Amino acid sequence: MTGFEDPSHVTRYASRRLRMKGILRTPIAEDEVRALKAGDVIYVSGLLFTARDEAHKVLLERGEPFPLEGLALFHCGPVVRKRGDGWEVIAAGPTTSMRMESLEPEFLRRFKPRVIVGKGGMGEETLAALSEVGAVYCHFTGGAGALAAQRIKGVREVHHLEELGIPEAVWVFEVERFGPLVVAMDAHGRSLYAEVGAAVETNLEKVLARTKEG
Amino acid sequence: MREGEDFLPITHHLLHVTEMKNELIEGLKEALRRAATVLPADVVRALEAARDREEGPARVQLEAILENVALAREKGVPICQDTGTQTFFVRVGTKFPYLDELREAIPEAVRRATEEVPLRPNTVHPFTRKNPGDNTGRFIPYITWELVPGDSAEIHLLPKGGGSENCCKLVLLTPAKGIPGVKRAVVEHIAACRGLPCPPTVVGVGIGGGADLSLKLGKLALLRPVGTRHPEPEVAALEEELAGMINALGVGPMGLGGKTTVLAVHIEYAHRHPASFPLGIVVQCWADRRAHVLISPKGEISVTGDA
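Residues numbered from 1 in each chain as written. Chains lettered and ligands numbered in written order. Predicted model: local features only at pLDDT ≥ 70, side-chain atom pairs only at ≥ 80, totals over all residues.

1. Focus: the overall build of chain B
Step number 1: When helices and strands are counted, chain B shows eight helices and nine strands.
Step number 2: Here the C-alpha atoms of chain B give a radius of gyration of 21 Å, agreeing with the 19 Å that 2.2 N^0.38 yields for 307 residues.
Step number 3: Considering only C-alpha atoms, chain B reaches an extent of 80 × 50 × 40 Å along its principal axes.
Step number 4: Counting all 307 residues of chain B, 51% fall into the buried class.
Step number 5: Of all intrachain contacts in chain B linking residues separated by at least 6 positions in sequence, the fraction that spans at least 24 positions is 80%. (Helix = DSSP H or I, 4+ residues; strand = E, 2+ residues; numbered from the N terminus. Rg over C-alpha atoms; globule rule 2.2 N^0.38 Å. Buried ≥ 20, exposed ≤ 12 C-beta atoms within 10 Å, placed from the backbone. Contact = placed C-beta atoms within 7 Å.)

2. Some remarks on the pairing of strand S6 (residues 262–272) of chain B
Residue and element names in this part refer to chain B.
Step number 1: Taken across its 11 residues, S6 has eight buried, putting it largely inside the fold.
Step number 2: Pairing of strand S5 (residues 201–209) with S6 involves eight bridges; the strand directions are parallel. Bridge pairing in S6 links Thr 201 to Val 262. (Pairing = 2+ DSSP bridges.)

3. Describing unusual backbone geometry
Step number 1: Of note, the amide linkage connecting A:Thr26 to A:Pro27 takes the cis form, showing an omega dihedral of -5 degrees.
Step number 2: Relative to the elements of secondary structure, A:Pro27 occurs in the loop between strand S1 (20–25) and helix H1 (30–34).
Step number 3: Cis geometry marks the peptide bond from B:Ile140 to B:Pro141, where omega comes out at 5 degrees.
Step number 4: Mapped onto the elements of the fold, B:Pro141 is located in the loop between helix H4 (99–116) and strand S2 (142–148).
Step number 5: Even without being a glycine, B:Asn135 presents a positive backbone phi close to 65 degrees.
Step number 6: Within the secondary structure, B:Asn135 is located in the loop between H4 and S2.
Step number 7: Backbone geometry places B:Phe139, a non-glycine residue, at a positive phi of 70 degrees.
Step number 8: The topology assignment puts B:Phe139 in the loop between H4 and S2.

4. Things to note about the sheet that holds S6(B)
All names here are of chain B.
Step number 1: Spatially, S4-S7-S5-S6 is the arrangement adopted by the four strands of the open sheet, whose pairing is mixed. Strand pairing shows two members of the sheet lacking a second neighbour, strand S4 (169–173) and S6, which therefore form its edges. Ignoring which end each strand starts from, the neighbouring axes of this sheet average 15 degrees apart. (Axes fitted to C-alpha atoms, helices over the stretch in contact; angles between N-to-C directions.)

5. What to know about the sheet that holds strand S3 (residues 153–157) of chain B
Residue and element names in this part refer to chain B.
Step number 1: Across the sheet, which stays open at both edges, the five strands sit in the order S2-S1-S3-S8-S9 with mixed pairing between neighbours. In this open sheet, the two strands that pair with only one neighbour each are S2 and strand S9 (301–304). For this sheet the average axis-to-axis angle between neighbouring strands, irrespective of direction, equals 15 degrees.
Step number 2: Judged from the five bridges that link them, strand S1 (residues 87–93) and S3 form a sheet pairing that is antiparallel. In the strand pairing of S3, Phe 88 is matched with Leu 157.

6. Considerations on the domain arrangement of chain B
Step number 1: You can read the domains of chain B as domain 1 (8–38 + 76–161 + 290–304) and domain 2 (162–284).
Step number 2: Taken together, the seven residues of domain 1 of chain B in the interface contact nine residues of domain 2 of chain B. (Domains from an automatic or database assignment.)

7. Things to note about the confidence of the model for chain B
Step number 1: Taken residue by residue, chain B gives an average pLDDT of 93. The fraction at 70 or more is 94%.
Step number 2: Confidence metrics for the complex model read pTM 0.89 and ipTM 0.90. (pLDDT = per-residue confidence, 0-100.)

8. Observations concerning helix H8 (residues 233–247) of chain B
Step number 1: Here H8(B) contains 15 residues, and its C-alpha end-to-end distance of 21 Å stays within 8% of the 21 Å for a straight helix at 1.5 Å per residue.
Step number 2: Every buried residue belonging to H8(B) is among B:Leu238, B:Glu239, B:Leu242, B:Ala243, B:Met245, B:Ile246 and B:Asn247, and all of these are buried.
Step number 3: Those residues of H8(B) hidden inside the fold are in contact with helix H7 (192–210) of chain A together with helix H6 (178–193) and S6 of chain B. (Expected span 1.5 Å × (residues − 1).)

9. Observations regarding the nonpolar core
Step number 1: If you look at the biggest cluster of nonpolar residues, it comprises 153 residues, and the most contacted ones within it are A:Val115, A:Leu130, A:Val136, A:Cys138, A:Ala184 and B:Leu32.
Step number 2: With 10 residues, strand S9 (residues 170–185) of chain A is the largest single contributor of residues to this core.
Step number 3: Mapping this core onto the domain boundaries places at least three of its residues in each of domain 1 (8–38 + 76–161 + 290–304) and domain 2 (162–284) of chain B.
Step number 4: Look past the residues within four positions of A:Ala184 in its chain and what remains in contact with it is A:Ala38, A:Gly121, A:Tyr137, A:Cys138, A:His139, A:Ser191, A:Leu192, A:Tyr193 and B:Leu256. (Core = buried A, V, L, I, M, F, W, Y, C linked by C-beta atoms within 7 Å.)

10. Some thoughts on the environment of B:Thr228
Step number 1: Counting through the fold element by element, B:Thr228 comes out in the loop between helix H7 (211–221) and H8.
Step number 2: For the pair B:Thr228 and B:Arg73, spaced 155 residues apart in sequence, the C-alpha to C-alpha distance is 24 Å.

11. Comments concerning the confidence of the model for chain A
Step number 1: Summary statistics for chain A give a mean pLDDT of 89 and a share of 89% for residues scoring 70 or more.
Step number 2: Segment residues 1–16 of chain A is flagged for pLDDT under 50; beyond a separation of four residues in sequence, or across chains, it makes 48 contacts in the model.

12. Some details on H7(B)
Residue and element names in this part refer to chain B.
Step number 1: The buried fraction of H7 is high, at eight of 11 residues.
Step number 2: Those residues of H7 that sit buried are Ser 214, Leu 215, Lys 216, Leu 217, Gly 218, Lys 219, Leu 220 and Ala 221.
Step number 3: The inward-facing, buried residues of H7 abut S1, S4, S5, S6 and strand S7 (277–284).

13. Structural notes on the environment of B:Pro231
All names here are of chain B.
Step number 1: By the secondary structure assignment, Pro 231 is in the loop between H7 and H8.
Step number 2: Taking the number of C-beta atoms within 10 Å as the measure of exposure, Pro 231 has 7 and is therefore exposed.
Step number 3: Once the C-alpha coordinates of Pro 231 and Tyr 142 are considered, the two residues, 89 residues apart in sequence, prove to be 28 Å apart.

14. A word on the interface of chain B and chain A
Step number 1: In this complex, chain B contributes 54 residues to the contact, which on the side of chain A involves 48 residues.
Step number 2: Looking at which element gives the most residues to the side of chain B that touches chain A, the answer is helix H3 (residues 56–75) of chain B, with 12 residues.
Step number 3: Of the residues contributing to the side of chain B that touches chain A, the split by class is 26 nonpolar, 15 polar and 13 charged. (Nonpolar A, V, L, I, M, F, W, Y, C, P; charged D, E, K, R; others polar.)

15. Quick word on the packing of H7(A) against H6(B)
Step number 1: The N-to-C vectors of H7(A) and H6(B) enclose an angle of 170 degrees; their axes lie 11 Å apart at closest approach. Judged by the angle between their axes, H7(A) and H6(B) are roughly antiparallel. Of the residues in H6(B), those in contact with A:Val200, A:Leu204, A:Val207 and A:Leu208 of H7(A) are B:Arg184, B:Val187, B:Glu188 and B:Ala191.
Step number 2: In terms of residue class, the contact of H7(A) with H6(B) is made up of six nonpolar, no polar and two charged. (Parallel < 35°, antiparallel > 145°, perpendicular 65-115°, else oblique.)

In structure tokens:
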């Protein structure tokens, strides 16, 4: 197979040495996340709560159901199944985070979750709020729903289930070594998405220049 | 002729038909389960090769993907929470004896699989937003019927996730742009998609035909095992060249940067109208889920994960 041998056209991020930063346990302190840099790999143990766009709106309107400071926020609509009195999580991969962009800065300022987990990255306003509040945005592998479910050890509680339905409700999961999570936007204004995006633009020009339209 | 003499064979026939329909439902349900939970070996091999050449965040993504694939297989749970739109490509022999049964079995198998695997209910009415909850609806499951000579049937299943489907594109090129225009349009589009379709992806490119046919060809191209080349050398060469160009972009796994943006590019083509040059770009996420079913004229059903 061709196309993998030309490192000059590959972004430098892939070849950077990985910094494995170990496991963060909730509640996570502000200085713990300020010590992280874009490109680091972390895991989270403790409490992780889900919130998609509808849940963001409800929590901003009515306040937090319990203290969210120091917890991890997961952009996720899980597949869950009732089992006895409790719930079983079947698959829980991340959803596209950009849908929450208009709500996230205020959410961060008010509730101070320290780690956001999602996929695809977020915009400049969230990036600024991460620096201001002291939080990081982490990328969890898109589609890895079975892996995520395996790291969820139990459902602690669920909020707004009746009103929002299963995928949109606020699920509070007890997690162990949830990850791997790549710190993709840090509390120092760096975004891997923005950097990779700029590199891709440059590479695209080079690739197209080599194969001029005939 | 005594009364009832011809009644008996009819009962037998009906019984046989009912049994055949049930067997088809069960066989297709197993194929749906297999597609949702077991990633085809050719895709796993391509992902492993990608992991071996990557470093840093890109490698972390591929390791997580492969761990996820192994877990899903071992536990029999869906690989991804988006279990996709159930899509069937049926090549049926003109003398295949169970056409009615097959036609009825497909939606029923989808209903049962939704309940039993389980699959996420993914069919929403565009006007009322109502979801029937069983993965069926108007035109869904989506079935493409192709008549071929013979007396057996062959079915390809392609449960396609929403994230990558949102990255499909139709381009109506000016014929003068030709194949160089195809290269530019495909590479620019995949660059613009970044991490959205969950790369490393498999890209199906349909060239020619008409607007609808070019996209259909792109989807048909995905039915081939990953990395197999088109039999015509000219087409095969373009597949290799496009994969190389795209992988030089550095989008990488999940758009976090890296050498592997596509696992493969597959191309199919049709003759085009002199004034048109349609290009259908179909993007499939790393979870390139497929299954393959063969039904013999005797009613024997075989299900495999590989095409």
